[in-house]
Amino acid sequence: MSQEIREVSPTGKAIIAVVLIPTIAALNYVGGVIVEALKAPIWGDTWATILGTFIGGFWVGAAGGFLYNIIMALTVWGLPSWVWGFANVAIAAIAWFMMKMGWTDLKKPMTWVMMIILYGLVYPLFTTAISILVFGGGPLYKPLAAAVYAGVLSSTGNFWLANYVQNAFTEIIDKPISFIISVIIAQRIPKRFVLAK
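Residues numbered from 1 in each chain as written. Predicted model: local features only at pLDDT ≥ 70, side-chain atom pairs only at ≥ 80, totals over all residues. Heavy atoms only, no water.

A. Spotlight on the overall build of the protein. Each helix and strand counted, the protein has seven helices and zero strands in total. Element order for the protein, N to C, with α for helix and β for strand: α-α-α-α-α-α-α. In summary, the protein has a C-alpha radius of gyration of 18 Å against a globular reference of 16 Å for 197 residues, a match within 12%. In terms of overall dimensions, the protein has a C-alpha envelope of 70 × 40 × 30 Å along the principal axes. When burial is assessed residue by residue, the protein has 46% of its 197 residues classed as buried. (Helix = DSSP H or I, 4+ residues; strand = E, 2+ residues; numbered from the N terminus. Rg over C-alpha atoms; globule rule 2.2 N^0.38 Å. Buried < 20%, exposed > 50% of the residue type's maximum accessible area, 1.4 Å probe, protein only.)

B. Region of the structure containing the pattern of salt bridges. Under the definition given, this model contains three salt bridges. The residue Lys142 makes a salt bridge to Glu36 at a minimum N-O spacing of 2.8 Å. Placement of Lys142 in the loop between helix 5 (109-135) and helix 6 (143-156) and of Glu36 in helix 1 (residues 10-38) is noted, with a sequence separation of 106 residues between them. The exposure class assigned to Lys142 is buried, which follows from its relative accessible area of 3%. The salt bridge partner of Asp174 is Lys175, with a shortest N-O separation of 2.6 Å. The class for Asp174 is buried, based on a relative accessible area of 1%. Members of the salt-bridge network, linked through shared partners, are Glu171, Asp174 and Lys175. (Salt bridge = Lys/Arg side-chain N within 4 Å of Asp/Glu carboxyl O.)

C. Structural context of helix 6. With 14 residues, helix 6 should cover 20 Å at 1.5 Å per step; its first-to-last C-alpha distance of 20 Å lies within 8% of that length. Residues of helix 6 that are buried include every one of Ala145, Ala146, Tyr149 and Val152, and no others. The buried residues of helix 6 occupy an angular sector of 130° when the element is viewed end-on, so they sit on one face. Across helix 6 from its buried face, at more than 90 degrees, point the exposed residues Pro143, Ser154 and Ser155. Contact partners of the buried residues in helix 6: helix 7 (159-186). Positive backbone phi, at 75°, marks Gly157, one or two positions downstream of helix 6. (Expected span 1.5 Å × (residues − 1). Arc of directions from axis to C-beta. Contact = heavy atoms within 4.5 Å.)

D. Region of interest: the packing of aromatic side chains. Overall, the coordinates contain 10 aromatic pairs when judged by the stated rule. Taking the centre distance of 5.6 Å and the plane angle of 80° together, the rings of Phe54 and Phe179 count as edge-to-face. With Phe54 in helix 2 (residues 47-56) and Phe179 in helix 7, this pair connects stretches of sequence that are 125 residues apart. Take Phe54 and Phe179: they sit in the same class, and that class is buried. Three or more aromatic residues joined by ring pairs form one cluster here, namely Phe54, Tyr119 and Phe179. (Phe/Tyr/Trp six-rings, centres within 6.5 Å; stacked < 30°, edge-to-face > 60°.)

E. Representation of a nonpolar patch on the surface. Residues Met110, Val113, Ile116, Ile117, Leu121, Val122, Leu125, Ile172, Ile173, Ile177, Ile181 and Ile185 make up a contiguous nonpolar surface patch of roughly 880 Å² in combined accessible area. Listed by contribution, the elements that provide at least two residues to the nonpolar patch are helix 5 and helix 7. By residue number, the principal contributor to the nonpolar patch is helix 5, which donates seven residues. Relative to the assigned elements, Leu121 resides in helix 5. Under the relative-accessibility criterion, Leu121 is labelled partly exposed at 38%. (Patch = residues over 30% accessible without salt bridge, like charges linked within 9 Å, V, L, I, M, F, W, Y side chains within 5 Å. Areas by Shrake-Rupley, 256 points an atom, 1.4 Å probe, with all protein chains shown as cover.)

So, in structure tokens, the structure goes:
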């Protein structure tokens, strides 16, 4: 006997969206803890923002990512760090844009090209601006990134460029990994539970 696939009701969709937001925050936290334990030169704490965007849409992904940053600012990083929540909004916006453009198929070269350009080269412009304008810039606490910063600063004397290159160095690795993980997981979610269209 064949089973009929039932569509999730509007109430069910609203519940999924509400549950996704704290789930995104929790999963980002777990990713960040694992990366810190491994002392990897990446962040690992935004992959769930991308995944949440693929499943719930831009606002769900952005809200979950922003919530993660608020929680971290109140508990670990210090209150001024709440501003990094806007970085998660930008990450969700890029994921949403890539999804709308059809650039989420890992078998297509355009996905890889745009993933590297948008997350690895354009997004660091945003994080560099926040880093310098809000926190004064300078080397990241990640040793490899700090070494990149020092090398660029000593060879060029350009403070902005040194900050940008160290951010690009971490993001060009971190965000494509996060994007790939998110695409793989999102492809395995039953379509009836995916709110983003």
